[in-house]
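Chain residues, written in single-letter form:
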Amino acid sequence: MDVDKPAAPAAAKTGYALPWVEKYRPTRIKDIVGNEQAVSRLQIIAEEGNMPNIILSGPPGTGKTTSILCLAHELLGPSFREGVLELNASDDRGIDVVRNKIKMFAQQKVTLPPGRQKIVILDEADSMTGGAQQALRRTMEIYSSTTRFALACNTSSKIIEPIQSRCAIVRYGKLADSELLHRLLHVCQAEGVAHTPDGLEAVIFTADGDMRQALNNLQATSNGFGLVSQDHVFRVCDQPHPVMVGAVVRHCMAAAIDDAYQGLRALCDMGYSASDIISILFRVVRNFPDMNEYLKLEYIKEIGFCQMRVGDGVNSRLQLTGLLANLCKLTLRAAS
């Protein structure tokens, strides 16, 4: 799919229609958005045709699975269906699956282009059990001449060391706002989506570097309201509005604990959980324009401690109130 040209609709709007995440999924490596260094490595592998076992690690929605599928299509061409076995997190991937399904696929004889090997794609590989990973390590050894393995995971450290040492590790990072915006504008043009600049900005904020989340939020807002505006996006995504959270931060920077608490109470009364509020608070502080670097780092550290306590289950309003008090104390300490 060419980024510069709107893709033709996969189905009539009145009938069955694909989700935009699938409809606009790239089919060639060069069309993948972001992570240029990682994508260029895969492009070289596709051109040379010598694919090693690889691990693609990084946050969700950054293009790991899409990259593997594009690479498999470019390497195998028409033989993709016969030469690729794809297993994702919804499949049972215990030791029996490795011993039976994966091993049987590796033993099959398939007609492939010269110099190519079969490819086993394991999505969310870090959720595999330890026993399954040990069995997979042995399978990778035995069938290395005919089968290559591509593992996608969020955290490569959850893959056992013997598998890591047999694979080339390609790391993906969150997509930049400009990269998300470029793709969103392309989809808006192709689908005829009515949007405002602050609406797309809100979609990018809620996605936080996740292309899948961005496209889902864009489609949900467009289908629900017909116009992608800031208020509509935050109503669909049901996240605390960053303007309200930013007002709380400004009160903390002025050491006005009472005003900051009033803003926090308003957010809590709207039904947002402590984890929702604190995650948006972190992102607002990280991008806050009028805060010096030292104070910003101190704020982020304090928010991180509070988020850790909330993650451990202590998610009462008292924790958030204590966080505001600590932020105000940091402001006073920095001013003295």
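Numbering of residues starts from 1 in every chain and runs along the sequence as written. Given that the model is predicted, a residue must reach a pLDDT of at least 70 before its local features are reported, and side-chain atom pairs must reach 80 or more before they are shown or counted; all residues, however, enter totals for whole chains, interfaces and linings. Side-chain measures here rest on the full set of heavy atoms in the structure, leaving out hydrogens and waters.

## Description of helix α8 (residues 177-191)
- Its 15 residues place the ends of α8 21 Å apart at the C-alpha level, agreeing with the 21 Å of an ideal helix rising 1.5 Å per residue.
- Here a residue-residue contact requires only that any non-hydrogen atoms of the pair lie within 4.5 Å. Only runs of H or I of at least four residues qualify as helices and only runs of E of at least two qualify as strands under DSSP, and these elements are numbered from the N terminus. As for α8, its buried residues are in contact with α1 (20-23), α2 (36-48), β6 (194-195), α9 (197-207) and α10 (211-225).
- Backbone geometry just downstream of α8 places G192 in the positive-phi region, at approximately 65 degrees. By definition here, a helix of n residues has an expected span of 1.5 Å times n minus one.

## Observations concerning the sheet that holds strand β2 (residues 84-87)
- Two strands qualify as a pair provided DSSP detects at least 2 bridges between them. Spatially, β2-β3-β4-β1-β5 is the arrangement adopted by the five strands of the open sheet, whose pairing is parallel. Every interior strand has two partners, whereas the edge strands, β2 and β5 (168-171), have only one. Looking at each pair of strands side by side, their axes are set apart by 15 degrees on average, direction ignored.
- As paired strands, strand β3 (residues 118-122) and strand β4 (residues 147-153) are joined by five bridges and run parallel to one another. Within β4, the position partnered with K118 by the bridge is T147. The convention used is that axes are lines fitted to C-alpha atoms, helices contributing only their stretch in contact, and that angles between N-to-C directions extend from 0 to 180 degrees.

## Quick notes on the packing of aromatic side chains
- For Phe, Tyr and Trp, where Trp contributes only its six-membered ring, two rings pair if their centres lie within 6.5 Å, and the inter-plane angle classes them as stacked under 30 degrees, edge-to-face over 60, or tilted in between. As enumerated under the stated definition, the model contains one aromatic pair in all.
- A positively charged side chain is recorded as over a ring if its NZ (Lys) or CZ (Arg) lies within 6 Å of the ring centre. The angle to the ring normal must also be within 35 degrees. Directly above the aromatic system of F105 lies the positively charged group of K118, at a separation of 5.5 Å from the ring centroid.

## Considerations on the nonpolar core
- By size, the foremost hydrophobic cluster in this structure holds 53 residues, and its most contacted members are L184, L218, V249, C252 and Y299.
- Here this core gets seven residues from one element, more than from any other, and that element is helix α14 (residues 274-286).
- Nonpolar core, defined: a set of buried Ala, Val, Leu, Ile, Met, Phe, Trp, Tyr and Cys residues in which side-chain atoms within 4.5 Å join the residues together. Remark: exposure states derive from per-residue accessible area (1.4 Å probe, protein chains only) relative to the maximum for the residue type, with buried under 20%, exposed over 50%, and partly exposed in between. With 26 residues, the next largest nonpolar core counts L42, I45, F80 and I119 among its residues.

## Here we look at helix α16 (residues 317-335)
- Helix length check: α16, at 19 residues, gives a terminal C-alpha distance of 28 Å against a target of 27 Å (1.5 Å per residue), a fit within 8%.
- Regarding α16, the residues found buried are Q319, L320, L323, L324, L327, C328, L330 and T331.
- Looking at the buried residues of α16, the elements they touch are α12 (242-253), α13 (257-269), α14 and α15 (293-311).

## Side note on the confidence of the model for the chain
- pLDDT is a per-residue confidence score from the predictor, ranging from 0 to 100. Scored by pLDDT, the chain has a mean of 86; 94% of the residues are at 70 or more.
- Counted against residues more than four places away or in other chains, residues 1-15, with its pLDDT under 50, gives 31 contacts.

## Examining the environment of K101
- Inspection of the secondary structure assignment puts K101 in helix α5 (residues 95-107).
- A sequence separation of 14 residues divides K101 from L87, and the C-alpha atoms of the two residues are 10.0 Å apart.

## Thoughts on the state of the cysteines
- Cysteine sulfurs are considered disulfide-paired once they come within 2.5 Å of each other. Using the criterion set out here, one finds zero disulfides in the structure.
- The thiol sulfur of C70 is not disulfide-bonded, and the nearest other cysteine sulfur, from C153, lies at 18 Å.
- Looking at C70, the relative accessible area reads 1%, which means it is buried.
- Between C237, a cysteine without a disulfide, and C188, which holds the nearest cysteine sulfur, the sulfur-to-sulfur distance is 14 Å.

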